[in-house]
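Close look at the chain arrangement
What follows is each chain in one-letter form.
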There are 2 protein chains.
Amino acid sequence: MNEEKCEIVDIWEVLGRRWSLHILKNLTTHGTVRFNEIKRLIPEISSTVLSDRLLELEREGLISKKIFPQVPIKVEYSLTPQGKELQPILHQLNNWVDKWQSHRIENKFETDNQNVKAYRKAAAR
Amino acid sequence: MNEEKCEIVDIWEVLGRRWSLHILKNLTTHGTVRFNEIKRLIPEISSTVLSDRLLELEREGLISKKIFPQVPIKVEYSLTPQGKELQPILHQLNNWVDKWQSHRIENKFETDNQNVKAYRKAAAR
DNA sequence: TAATCTTAGTAGTAATATAATACTTAGTCA
DNA sequence: TGACTAAGTATTATATTACTACTAAGATTA
């Protein structure tokens, strides 16, 4: 992994990366988890990206890892105090998602997104 | 824009995309905003991506747009009721970011991230 | 009169991020 | 002996995002 590309400018950037919120949400609900446990909880994520995200989150001080030097090795991830302060927020976010997820499916074919092209023509009378 | 690639599976996916949270945060704090206004508020974002994100957020029912067929055209973006329910959550998130942003900078060179490679060697004695 | 500016994007291409797959390590189990 | 384990890494392929330049019709400026 390149060191340069991991110099992330701010926390929004990290949170805005794919899977970050997912990972934090799972750490929030499951407490201490291991690498492959997260992979099982989020089956669509690849090892590569999970590894990157965990390193970024660790660097940002959101999670910490504990390594057990066994064979095979064991690594446990958990939230730091900073990460724990995110828990209530993530909970609320999760509730919000659950609430609207169903609505979204119902309204899927009703939404009438406005498109600028048509209105440009209208303006060009 | 390809229709297929815009079929997004869930809200987490949309929120987890780059700039989404940023855009929502700015809509939360500024109310009704126009396209170039957002670009000014988030100078690093490109037109291409801002356009994509706004469309996705509109499709998910988080924001709505109002088009004024003038020349030059005017488009206003604002939060839907669903989007407005995110406001308190985004506020808390924003506070959390502000709180820890400074810590992060201070601790930047103190963090001692654990790395598995070293421990594998330890285990391999 | 003509060049320039305006807005909310789009088109095309370059750069970057993510995905898929195979591989590593040393010990345990069959 | 060979398969299996966990937590990744390396390599290559694909998808996303960024970076220009461009559009349209009118208003402003020179």
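One can find the structure itself at the top, above this paragraph.
All values derive from a computational prediction rather than experimental measurement.

**Section: the overall build of chain A**
A tally of regular secondary structure across chain A gives seven helices and three strands. Taken from N to C terminus, the helices and strands of chain A fall in the order α-α-β-α-α-β-β-α-α-α. Expressed as a percentage of the 125 residues in chain A, the buried residues total 41%. Contacts in chain A between residues at least 24 apart in sequence constitute 49% of all its contacts with a sequence separation of at least 6.

**Overview of the pairing of strand β2 (residues 63-68) of chain A**
Residue and element names in this part refer to chain A. Pairing geometry for β2 and strand β3 (residues 74-79), over six bridges, is antiparallel. Among the inter-strand pairings, K65 is bridged to a residue of β3, identified as Y77. Linking two consecutive strands that pair antiparallel, namely β2 and β3, is a turn of five residues.

**With respect to the packing of aromatic side chains**
For the structure shown, the criterion picks out zero aromatic pairs over all chains. Taking NZ or CZ as reference, K74 of chain A lies 4.8 Å from the ring centre of F68 of chain A, over its face.

**Side note on the interface of chain B and chain A**
Between chain B and chain A, the contact holds 48 residues from the first and 48 residues from the second. Viewed at the interface, chain A and chain B are joined by four salt bridges. The shortest N-O distance in the salt bridge between E13 of chain A and R18 of chain B comes to 2.7 Å. Scanning the region where chain B abuts chain A turns up 14 residue pairs in polar contact (both at pLDDT 80 or more). Broken down by secondary-structure element, the contributors of at least two residues to the side of chain B that touches chain A are α1 (11-15), α2 (20-30), α4 (47-59), β2 (63-68), α6 (87-107) and α7 (116-123) of chain B. Residue contributions to the side of chain B that touches chain A peak at ten residues, all from α6 of chain B. Taken together, the residues of the side of chain B that touches chain A break down into 22 nonpolar, ten polar and 16 charged.

**Re the protein's contact with DNA strand C**
Around DNA strand C sit 26 residues, and of these T48, R53, V116 and R120 of chain A together with Y77 of chain B come closest. Sugar and phosphate atoms constitute 72% of the interface atoms of DNA strand C, taking the interface as everything within 4 Å of the protein. Within the side chain of T48 of chain A, a nitrogen or oxygen atom sits 2.7 Å from a base nitrogen of DNA strand C. Where the surface near DNA strand C is concerned, the elements lending two or more residues are α4 (47-59) and α7 (116-123) of chain A together with α3 (35-41), α4 and β3 (74-79) of chain B. A per-class count over the surface near DNA strand C returns ten nonpolar, six polar and ten charged.

**Focus: the sheet that holds strand β1 (residues 33-34) of chain B**
Sheets are built from strands paired through backbone hydrogen bonds, the pairs being either parallel or antiparallel. Residue and element names in this part refer to chain B. The strand order across the open sheet built from three strands is β1-β3-β2, with neighbouring strands paired in antiparallel fashion. Each edge of the sheet is formed by a strand with only one pairing partner; in this case those strands are β1 and β2. In terms of strand pairing, β1 meets β3 through two bridges, oriented antiparallel. By the bridge assignment for β3, R34 is matched with E76. Relative to the sheet, α2 contacts β1, β2 and β3, its axis offset from that of β3 by approximately 90 degrees.

**Remarks on the packing of helix α2 (residues 20-30) of chain A against α4 of chain A**
All names here are of chain A. At a closest axis distance of 10 Å, the pairing of α2 and α4 adopts a crossing angle of 70 degrees. With respect to α4, the element α2 is oriented roughly perpendicular. Contacts between α2 and α4 involve S20, I23 and L24 from the first element and L50, R53, L54 and L57 from the second. Partitioning the contact of α2 with α4 into residue classes produces five nonpolar, one polar and one charged.

**Regarding the relation of the copies chain B and chain A**
Note on the copies: chain B fits chain A at an RMSD of 0.1 Å, the axial shift is 0.1 Å, and the rotation between them is 180 degrees. Both chain copies can therefore be described as sitting about a two-fold axis. The C-alpha atom lying nearest the rotation axis in chain B is that of G16 of chain B; the distance is 2.5 Å.

**Considering the protein's contact with DNA strand D**
Around DNA strand D, the structure places 24 residues, and the nearest of them are Y77 of chain A together with T48, R53, V116 and R120 of chain B. One of the backbone nitrogen or oxygen atoms of N36 of chain A is found 3.2 Å away from a phosphate oxygen of DNA strand D. Contributions of two or more residues to the surface near DNA strand D are made by α3 (35-41), α4 and β3 of chain A together with α4 and α7 of chain B. Within the surface near DNA strand D, the residues separate by chemical class into eleven nonpolar, six polar and seven charged.

What counts as what
Residues numbered from 1 in each chain as written. Chains lettered and ligands numbered in written order. Predicted model: local features only at pLDDT ≥ 70, side-chain atom pairs only at ≥ 80, totals over all residues. Heavy atoms only, no water. Helix = DSSP H or I, 4+ residues; strand = E, 2+ residues; numbered from the N terminus. Buried < 20%, exposed > 50% of the residue type's maximum accessible area, 1.4 Å probe, protein only. Contact = heavy atoms within 4.5 Å. Pairing = 2+ DSSP bridges. Phe/Tyr/Trp six-rings, centres within 6.5 Å; stacked < 30°, edge-to-face > 60°. Lys NZ or Arg CZ within 6 Å of the ring centre and 35° of its normal. Salt bridge = Lys/Arg side-chain N within 4 Å of Asp/Glu carboxyl O. Polar contact = N/O pair within 3.5 Å; in protein donor to acceptor, adjacent residues only side chain to side chain. Nonpolar A, V, L, I, M, F, W, Y, C, P; charged D, E, K, R; others polar. Near = heavy atom within 4 Å. Axes fitted to C-alpha atoms, helices over the stretch in contact; angles between N-to-C directions. Parallel < 35°, antiparallel > 145°, perpendicular 65-115°, else oblique. Least-squares fit on C-alpha atoms with pLDDT ≥ 70 in both.

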